[in-house]
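Architecture and fold: a report
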Amino acid sequence: MRNPTTEDDVTAWQDSLDCCESCGSAFLNRLLPEQPWGTLNGDGTVTVFDGVSHYELGV
């Protein structure tokens, strides 16, 4: 699963990796400039793209 991780860097994502054989899970933070989750507006607010769930922003 991939989720946005910040409120102001639209390229920051966190991948959640779960193992199928009871070995646990891991999180990987990454920057994906070619796949932003939203746009940063001139007034400092962020518009989240349709289809993206951003829990910190309530979207």
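Residues numbered from 1 in each chain as written. Predicted model: local features only at pLDDT ≥ 70, side-chain atom pairs only at ≥ 80, totals over all residues. Heavy atoms only, no water.

This next bit is on the overall build of the protein chain. For the protein chain, the helix and strand inventory stands at 0 helices and 5 strands. Moving toward the C terminus, one meets the helices and strands of the protein chain in the order β-β-β-β-β. Whereas a compact globule of 59 residues would reach a radius of gyration of roughly 10 Å, the protein chain reaches 13 Å, over 25% beyond that. Referenced to the eigenvectors of the C-alpha coordinate spread, the extents of the protein chain come out at roughly 45 × 20 × 15 Å. Counting across all 59 residues of the protein chain, residues that qualify as buried make up 24%. Considering only contacts in the protein chain between residues 6 or more positions apart, those separated by 24 or more positions represent 34%. Carbon together with sulfur atoms contributes 52% to the accessible area of the protein chain, which is approximately 4200 Å² in total. (Helix = DSSP H or I, 4+ residues; strand = E, 2+ residues; numbered from the N terminus. Rg over C-alpha atoms; globule rule 2.2 N^0.38 Å. Buried < 20%, exposed > 50% of the residue type's maximum accessible area, 1.4 Å probe, protein only. Contact = heavy atoms within 4.5 Å. Areas by Shrake-Rupley, 256 points an atom, 1.4 Å probe, with all protein chains shown as cover.)

What follows deals with the nonpolar core. Proteins that are soluble and globular tend to have nonpolar side chains buried together. In terms of nonpolar packing, the biggest core is built from 6 residues, these being Val10, Trp13, Leu32, Trp37, Val48 and Val52. Non-local contacts of Trp13, meaning those with residues more than four positions away in its chain, are made with Arg2, Asn3, Pro4, Thr5, Leu28, Asn29, Arg30, Leu32, Gln35, Pro36, Trp37 and Val52. (Core = buried A, V, L, I, M, F, W, Y, C linked by side-chain atoms within 4.5 Å.)

Another aspect to go through is the pattern of salt bridges. What the rule picks out here adds up to 2 salt bridges. A salt bridge links Arg2 to Asp15, with the nearest nitrogen and oxygen atoms 2.6 Å apart. With Arg2 in strand β1 (residues 2–4) and Asp15 in strand β2 (residues 12–18), this pair connects stretches of sequence that are 13 residues apart. Given a relative accessible area of 35%, Arg2 falls into the partly exposed group. A salt bridge links Arg30 to Asp15; its shortest N-O distance comes to 3.3 Å. Taken together, the residues span a long stretch of sequence, with Arg30 in strand β3 (residues 25–31) and Asp15 in strand β2 at a distance of 15 residues. A single network of salt bridges, built from pairs that share partners, joins Arg2, Asp15 and Arg30. (Salt bridge = Lys/Arg side-chain N within 4 Å of Asp/Glu carboxyl O.)

The next subject is the sheet that holds β2. Pairing is antiparallel in the open sheet, where 3 strands are placed in the order β1-β2-β3. Bordering the open sheet on either side are β1 and β3, each of which pairs with just one other strand. Strand-to-strand twist across the sheet, computed as the mean angle between neighbouring axes with direction ignored, equals 25°. (Pairing = 2+ DSSP bridges. Axes fitted to C-alpha atoms, helices over the stretch in contact; angles between N-to-C directions.)

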